[in-house]
Amino acid sequence: MKMTLFQEKISHPGQAAVSASAFKKPSLWRQSLRRLLRNKLAVSGFIVVAFMFIACFLGPLFSPYADNKINMALMNRPPSWQHWLGTDKLGRDVLVRVLQAGRISLTVGLASMVVSVFLGTLLGAIAGYYRGVVDQIIMRLADLLLTIPGLPLLFISGALLSEWKVPTEYRMYIVMLMLSLVNWPGLARMIRGQMLSLREREFMQAAVVLGLRDRRKLIHHLLPNLMPLIIVMATLNIGGSILSESVLSFFGLGVMPPTPTWGNMIDAANNMIDFQQHPWLWIPPGLSIFATVIAINLFGDGLRDVLDPKLNR
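Residues numbered from 1 in each chain as written. Predicted model: local features only at pLDDT ≥ 70, side-chain atom pairs only at ≥ 80, totals over all residues. Heavy atoms only, no water.

Structural notes on the overall build of the chain
A count of helical and extended segments in the chain gives 14 helices and 0 strands. The secondary structure elements of the chain, listed N-terminal to C-terminal, are α-α-α-α-α-α-α-α-α-α-α-α-α-α. Burial status across the chain gives 37% buried among its 313 residues. In the chain, the proportion of contacts linking residues at least 24 apart, taken out of those at least 6 apart, comes to 70%. About 18300 Å² of surface is accessible on the chain, with carbon and sulfur atoms providing 68% of the total. (Helix = DSSP H or I, 4+ residues; strand = E, 2+ residues; numbered from the N terminus. Buried < 20%, exposed > 50% of the residue type's maximum accessible area, 1.4 Å probe, protein only. Contact = heavy atoms within 4.5 Å. Areas by Shrake-Rupley, 256 points an atom, 1.4 Å probe, with all protein chains shown as cover.)

Details of the UniProt feature "transmembrane region" (unreviewed entry) in the chain
UniProt's feature table lists "transmembrane region" (unreviewed entry) at residues 41–62, 104–129, 141–161, 173–191, 222–243 and 280–300, given in the numbering used throughout. A helix fraction of 100% and a strand fraction of 0% characterise residues 173–191, whose end C-alpha atoms lie 26 Å from each other. (UniProt positions renumbered as here; feature names shortened; annotations may be inferred.)

A word on a nonpolar patch on the surface
A contiguous nonpolar surface patch, about 560 Å² in accessible area, is contributed by Ile54, Phe57, Leu58, Leu61 and Phe62. Summarising the element assignment, Ile54 is placed in helix α4 (residues 40–58). (Patch = residues over 30% accessible without salt bridge, like charges linked within 9 Å, V, L, I, M, F, W, Y side chains within 5 Å. Salt bridge = Lys/Arg side-chain N within 4 Å of Asp/Glu carboxyl O.)

Topic: the pattern of salt bridges
As enumerated under the stated definition, the model contains 7 salt bridges in all. In this structure, Asp143 engages Arg140 in a salt bridge whose closest nitrogen and oxygen atoms are separated by 2.7 Å. Residue Asp143 and its partner Arg140 are both found in helix α6 (residues 132–147); the two are separated by 3 residues, about one turn of the helix. Asp143 sits in the partly exposed class, given a relative accessible area of 23%. For Arg189, the salt bridge identified is with Asp143, shortest N-O distance 2.6 Å. In this pair, Arg189 is assigned in helix α8 (residues 168–199) and Asp143 in helix α6, connecting sequence segments 46 residues apart.

What to know about the side chain of Ser288
With respect to the helices, strands and loops of the structure, Ser288 is situated in helix α13 (residues 283–307). A distance of 2.8 Å separates the side chain of Ser288 from the backbone oxygen of Pro284, its partner in a polar contact. The contact partners of Ser288, leaving out residues within four places of it in the chain, are Met52, Val98 and Trp262. (Polar contact = N/O pair within 3.5 Å; in protein donor to acceptor, adjacent residues only side chain to side chain.)

A few points about a positive patch on the surface
Where like charges cluster on the molecular surface, the positive patch consists of Arg30, Arg34, Arg35 and Arg38. Among the secondary structure elements, Arg30 is positioned in helix α3 (residues 28–37). (Lys, Arg positive; Asp, Glu negative; His and termini not counted. Charge placed at Lys NZ, Arg CZ, Asp CG, Glu CD.)

In structure tokens, the structure reads:
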């Protein structure tokens with residue numbers, strides 16, 4: 001009697017479905033998300049980055065000083081209840097300027113990351129998949145760019161923009177393109193190396209036997225296996241792009257005033273009087289750069305710990 005009841009309980013289809021779902025293994029992305037959430041530094045970095053994006057893109061919309069009107073009667077005022085971070089040399093609210101500058105700096109970092117990741121992934125995948133002459137041409141071009149230090153190359157390009165008197169409203173887009181051209185070779189080399197490894201895997205040999213087209217192999221089989229590396233590199237590239245843009249703007253070779261960026265806001269307080277007596281002019285943008293870049297790097301390191309197959313192994 002007991003045996004019959006036990007058999008009926010096991011043979012019940014609903015019970016079997018529940019048992020199967022209970023032992024179902026979660027997907028790789030869900031496992032990665034769980035591991036990432038256990039990394040407190042990575043989560044803290046993500047929270048800081050999310051806060052900076054929300055504050056910079058939505059904060060100025062609720063401020064009465066978003067029009068940046070010049071008011072010489074309020075020039076260089078210290079922080080107060082009306083102006084939480086004081087005012088600058090032209091009487092503009094520093095807090096609003098910092099948030100508006102964050103829009104530009106974060107946009108430049110994101111846009112240059114997208115372009116560099118697209119170029120690096122495309123060229124690296126083509127070089128690693130087709131090899132031969134195509135590989136030699138792409139990799140030699142990448143090697144040539146890697147032999148030139150990135151920052152001096154950006155300085156030269158920025159000086160040319162100033163010499164050619166490029167309008168201020170177009171300089172931001174040109175700076176994005178400059179940063180993208182500097183950053184793609186390193187990513188392309190990493191994608192190529194990973195592609196050469198994936199080509200020899202069993203699933204790719206099966207795809208060759210099935211006679212799949214190259215386009216299907218690349219899009220449906222190879223690129224999904226490259227996504228963890230692409231996500232990690234893209235995240236880390238944002239911080240580097242923000243730093244590079246800030247350095248260019250600080251030296252007057254990037255985005256120029258009146259368009260605010262964190263770099264040219266620090267450059268506006270480049271004399272000893274402002275450095276000693278008006279610290280609210282340069283400390284807020286400096287802390288914004290520091291906090292954003294550190295937070296992005298912490299989050300990127302956490303992603304790398306979770307998604308990098310070499311570290312997992």
